[in-house]
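A structural walkthrough
Given next are the chains, with one letter for each unit.
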Amino acid sequence: MSEFDPDLAADDAALDVGIGDDILAVDDNAANLVAIESALAPLGRRLVTASSGLEALAKLLDQDFAVILLDVQMPGMSGIETARMIRARERNRGTPIVFVTGMSWHDQAIDDAYEAGGFDFLVKPIRAEVLRAKIRVYLQLQERTRALKLKADELRESQRQLHDHELREQRKRFEAEVFETKLRQLDETQRERHDFVEILGHELRNPLQTLQVAFDLFVQGSQTEADRHIAHIVERRFAHVTRIVNDLLDVTRIATGQFELLREPVNFGDVVRRAVEDISAIVATRQLVLSFDVVGDADPVVTGDAMRLHQAISNMIDHAAMHTDAGGHIHVTLRVDPGEVVVRVADDGHGIPPELLPRVFDMFVRGRVGADGYGGLGLGLTFVKRLIELHDGAVLARSPGRGKGSVVEVRLPLAPEDIDLGTVQSSARPTYPMNALARPTESSES
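Residues numbered from 1 in each chain as written. Predicted model: local features only at pLDDT ≥ 70, side-chain atom pairs only at ≥ 80, totals over all residues. Heavy atoms only, no water.

**Topic: the overall build of the chain**
Secondary structure summary: the chain contains 10 helices and 13 strands in total. Within the chain, the proportion of its 446 residues that are buried is 41%. Long-range contacts, defined as pairs at least 24 residues apart, comprise 73% of the intrachain contacts of the chain with a sequence gap of at least 6. Split by element, the accessible area of the chain, about 24300 Å² in all, is 55% carbon and sulfur. (Helix = DSSP H or I, 4+ residues; strand = E, 2+ residues; numbered from the N terminus. Buried < 20%, exposed > 50% of the residue type's maximum accessible area, 1.4 Å probe, protein only. Contact = heavy atoms within 4.5 Å. Areas by Shrake-Rupley, 256 points an atom, 1.4 Å probe, with all protein chains shown as cover.)

Here it is in structure tokens:
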């Protein structure tokens, strides 16, 4: 394929045969101009007239012409002198000039006329058919030249577009190769990291199990108030470390596709109530106020894994408790919207800084240390997001800013309306009746 060459555009001027549409007739005799106008009328082109060479040059400053009819013998500036002046302009070098004369031509006059840039000449009196035939030839030549130039422009544009397309395709292929290489490297890095995390989690679980046995023996033998106080502190720290290890392993399994869900109809109201009850003791030890409201249907049904959904809701509440100082409030709301159920956990704690909010669900992203002095690995909300997405749900977080509290909201699709409520699992996973924490209301909190 020949490459696009923009320098070829400079040669187009040589192909132009009159770049205007009108015809210019120059003659100092008004009668001749009338005769010319009458002869050329059938050609359908407008005739512009001038009575002198100077006037003709002035007309050329205003517009371009397809053909110029030029009388040789004119007072002041002759036709040949006028032609030389016309040809001196770059723009008019290709415009056909037809000389008209009333005298007999001789060799020198013919040489001068062609040297001045004439294309043809006619001798007066001019026959209308001859004049019309000659001018028609130049007009047809102009139209064909324009058509040829248009085709050349289209070909050149097509070549340019093809050339640009080939460059874009080459760039895309190169970028795709680079992207695939980086993706392979990233996959390998991710796989190595996940393998390391899983090995680390399993290595930590073994000593934790041993510590659990030792701790149980210590609790059984504890007699004094000091022993019970120490046991209480160790139990909290032990539960916290155990949760970190479990979250670490679960997040890794989700990322590597090794995490399986037991999908079945679930009474989501029971799940949320159980999570609130289970976490309430921990919240109480942190001297926080926990409240729970139900708006609308208290027993919405979703399809999913009840145990894993319980983990997600518990992590949401625990995250709020971890980042709320003593005396703060945590408010859990369960409501049913059209086609979905919403759980909202709001607190008046530390809040989320604006720069951290877009990444709050990413792994190992942490704000400040928790209210109790230990903030975990930043996996809690990551685990929530991935668990909920595995249930075809969505999670979002909002915060007015640092020190102004935060809201984490989970949305899950309701199970189909034609589901048999008798199949909803409540025996294997016992239902949890509403207690003092659950206060049904009529409207949701903003």
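**Quick word on the pattern of salt bridges**
Counted according to the given criterion, the structure contains 24 salt bridges. Between aspartate 64 and arginine 91 there is a salt bridge whose closest N-O contact spans 2.8 Å. In this pair, aspartate 64 is assigned in the loop between helix H3 (53–62) and strand S3 (65–71) and arginine 91 in the loop between helix H4 (79–87) and strand S4 (97–101), connecting sequence segments 27 residues apart. Among the charged side chains, a salt-bridge network with shared partners connects Arg335, Asp337, Glu340, Glu409 and Arg411. (Salt bridge = Lys/Arg side-chain N within 4 Å of Asp/Glu carboxyl O.)

**Details of the confidence of the model for the chain**
Mean pLDDT over the chain stands at 78; residues scoring 70 or higher make up 72%. Within the chain, the lowest mean pLDDT, 35, falls on strand S13 (residues 438–441), and the highest, 95, falls on strand S2 (residues 47–50). Within the model, the stretch residues 1–15 combines pLDDT values under 50 with 12 contacts to residues more than four positions away or in other chains. (pLDDT = per-residue confidence, 0-100.)

**Brief notes about the environment of valine 272**
Summarising the element assignment, valine 272 is placed in helix H8 (residues 268–285). Owing to a relative accessible area of 0%, valine 272 belongs among the buried residues under this scheme. Put simply, valine 272 and valine 343 are 71 residues apart on the chain and 8.2 Å apart in space, counted from C-alpha to C-alpha. Residue contacts for valine 272: discarding those within four places in its chain leaves Phe292, Ile313, Val332, Leu334 and Val343.

**Here we look at the pairing of S2**
Across 4 bridges, strand S1 (residues 22–26) lies against S2 in parallel orientation. From the neighbouring strand, valine 26 faces S2, where its bridge partner is alanine 50. Read as a crossover between parallel neighbours, the route from S1 over helix H2 (residues 30–40) to S2 is right-handed. (Pairing = 2+ DSSP bridges. Right-handed = clockwise from strand over helix to strand, strands pointing away.)

**Some words on H3**
Buried residues of H3: Gly53, Ala56, Leu57 and Leu60, and no others. Down the axis of H3, the buried set is contained in an arc of 100°. They therefore lie on one face. Across from the buried face of H3, at angles greater than 90 degrees, the exposed residues are Leu54, Leu61 and Asp62. Contacts made by the buried residues of H3 are with S1, S2, S3 and H4. (Arc of directions from axis to C-beta.)

**Looking at the sheet that holds strand S5 (residues 120–123)**
If you trace the 5 strands from one edge of the open sheet to the other, you get S2-S1-S3-S4-S5, paired in parallel fashion. At either margin of the open sheet sits one strand with a lone partner, and together these are S2 and S5. Along the sheet, successive strands turn relative to each other by an average axial angle of 20°, direction set aside. Along the sheet, H2 contacts S1, S2 and S3; its crossing angle with S2, the most-contacted strand, is approximately 165°. The sheet contacts of H3 involve S1, S2 and S3, and relative to S2 the element is tilted by about 140°. (Axes fitted to C-alpha atoms, helices over the stretch in contact; angles between N-to-C directions.)

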